[in-house]
Amino acid sequence: MKIGIIGTGYVGLVTGVMLSRKGHNIKSIDLNPKIVEKLQSGICTIHESGLEKHLGDSLKESKISFSSDYKDLVCSDAIFICVGTPGNEDGSANLGYVYSAISSVIEICDESTLIIIKSTVPPTSAVKFQEFIRQKGKKHLVTSSPEFLREGSAVFDFENPDRIVCGITDEYQKEIFNKIYYYIDIKKTPIIFTDTTTSEMIKYSSNSFLSVKLSFINEMANLCEKIGANIDDLSKGMGMDKRIGSLFLNAGPGYGGSCFPKDTNALEYLASKNEIETLVLSSSIKSNLSRYSMMRDKIMSFVLSGSTITALGMAFKAGTDDVRDSPAVNIIKLLVQENFMVQCCDVAGNQNFAGLNLPNCTVHDNPYEAMHQSECIVIFTEWDEFKNLDYKKASSIVKNKLIIDLRNLLDYEKVTEAGFKIVNIGKNLNK
Ligand SMILES: NC(=O)c1ccc[n+]([C@@H]2O[C@H](COP(=O)([O-])OP(=O)(O)OC[C@H]3O[C@@H](n4cnc5c(N)ncnc54)[C@H](O)[C@@H]3O)[C@@H](O)[C@H]2O)c1
């Protein structure tokens, strides 16, 4: 099929490249000419394992192309809209980029081109987009197919989705979706067809539910610390219960990233506009926001303000270069306000972090270099690379021989043998 992709960020690039590997002919559009130029020459603009190889293969086979010219989308059977939907000040989702993309599509494409919203948009949005198109005197149809990929394992997730959700308004659209997703083995991966608003609701409720799970386990970690229990064993014991499940039960510095904070806020906003109370969701949002200052206070209970410290990890999770709304960044900002000097090192996110230009922060490619003159190491992101550092070497550099491990990543024996004292989340092993 001829498929257009609008927006080549984390979602659009993975979707376009991977659909091209399934044989579809993909035209990708992004308004950012620098991104387009790099992608067209085979350079991957995001850090995602395996993606650059697939991109190169598809470019060689002419199955994908990139440009900023919407005219390339003429004759598309379907177009996925994958542009950003950032949060507004009041918590609502900013749909400006989506409306702009839709306006361009209906100007240029034939009315038989199906518009598929892959961006995360608040429930009832597709209905409103449809009305917007109708008011412009056009007949293009709008459907929904939200994205569930996880940054850091996006290629794997594309190949192994738990489910595919399609919001449709008629049987013909179902046929188009079946043609796009022809490669899905429905015995392994169910495709759920529903109305567009429920489809959008599935996406928001899923992200919100996961964030509640994280806030819950983080609060249990606080209690474990107080009463001498071990959060890692607690998570393991709880997670073995199939009704609960083991994922999203790792205590840490709070959830973050470009999706959970804005999506939970947008769902809370939508509920409040509809006069529906969301006590659980609202508490989870509040709990997570307080976590950042709690982590600052935890660090400050071991290190004097004004000290130099080492931050290992600024990406919001391992496997990605994305630092948007990263808990690490939010906590580092609070530490900078307390006059800390922060020497930062990430495996993939250094460039994006440096782009934030935070005062009193330096960025280092070499983790040992980030430890010079430092009072302690704080682990913010759960990269394996940090697990496998030479901690004997590190202990000869770090002044205070202290590690505050906000991800419970490191092996206790290994780092204590190297001479470090370690402080964890939700457990105290230094008894
Ligand atoms: N990042 C994730 O892990 C993830 C997962 C699931 C869903 N989502 C959702 O998918 C959407 C996209 O997220 P993302 O992280 O890929 O965003 P992103 O910011 O990485 O990428 C968006 C891209 O769209 C381009 N763009 C904006 N307006 C455009 C327009 N009118 N025409 C062409 N290009 C345009 C931008 O230049 C940018 O490159 C969001 O709604 C997000 O909530 C993201």
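Because the structure is a prediction, the values reported are computed rather than measured.

Caption draft 1: Expanded view of the site of the ligand. The immediate surroundings of the ligand are formed by 28 residues, with Asp30, Tyr70, Thr85, Glu151 and Lys262 found nearest. Within the side chain of Asp30, a nitrogen or oxygen atom sits 2.6 Å from an oxygen atom of the ligand. Counting residues per element, the ones that place at least two in the shell around the ligand are helix 1 (10-21) and helix 4 (96-108). Element by element, the count of residues in the shell around the ligand is highest for helix 4, at three residues. The residue inventory of the shell around the ligand, partitioned by class, reads 13 nonpolar, nine polar and six charged.

Caption draft 2: Fine view of the pairing of strand 7 (residues 164-167). Burial along strand 7 is two-sided: Ile164 and Cys166 and Val165 and Gly167, pointing in opposite directions, are all buried. The sheet contact formed by strand 7 and strand 8 (residues 191-194) spans four bridges and is parallel. Bridged to Val165 within strand 8 is Ile192.

Caption draft 3: How the structure looks around helix 8 (residues 196-227). Over its 32 residues, helix 8 runs 47 Å from end to end, which matches the ideal 46 Å to within 8%, given 1.5 Å per residue. A side-chain oxygen of the first residue of helix 8 lies 3.2 Å from the backbone nitrogen of Thr197; this N-cap is Asp195. In the stretch just after helix 8, Gly228 is the one whose phi turns positive, near 80°.

Caption draft 4: Main features of the packing of helix 4 against helix 5 (residues 125-135). Put simply, helix 4 and helix 5 touch, their axes get as near as 11 Å, and they point 40° apart. It follows from the interaxial angle that helix 4 and helix 5 lie oblique. Viewed along their axes, helix 4 and helix 5 form a crossing whose handedness is right-handed. Note on element contacts: helix 5 touches helix 4 through Lys128, Phe129, Phe132 and Ile133, opposite Val98, Tyr99, Ile102, Ser103 and Ile106. Tallied by class, the residues present in the contact of helix 4 with helix 5 amount to seven nonpolar, one polar and one charged.

Caption draft 5: Here's a closer look at the environment of Cys75. Turning to its location among the elements, Cys75 is positioned in the loop between strand 3 (64-67) and strand 4 (78-81). Classification of Cys75 as exposed rests on a relative accessible area of 51%.

Analysis parameters
Residues numbered from 1 in each chain as written. Predicted model: local features only at pLDDT ≥ 70, side-chain atom pairs only at ≥ 80, totals over all residues. Heavy atoms only, no water. Near = heavy atom within 4 Å. Polar contact = N/O pair within 3.5 Å; in protein donor to acceptor, adjacent residues only side chain to side chain. Helix = DSSP H or I, 4+ residues; strand = E, 2+ residues; numbered from the N terminus. Nonpolar A, V, L, I, M, F, W, Y, C, P; charged D, E, K, R; others polar. Buried < 20%, exposed > 50% of the residue type's maximum accessible area, 1.4 Å probe, protein only. Pairing = 2+ DSSP bridges. Expected span 1.5 Å × (residues − 1). Axes fitted to C-alpha atoms, helices over the stretch in contact; angles between N-to-C directions. Parallel < 35°, antiparallel > 145°, perpendicular 65-115°, else oblique. Left-handed = near helix turned anticlockwise from the far one by under 90°. Contact = heavy atoms within 4.5 Å.

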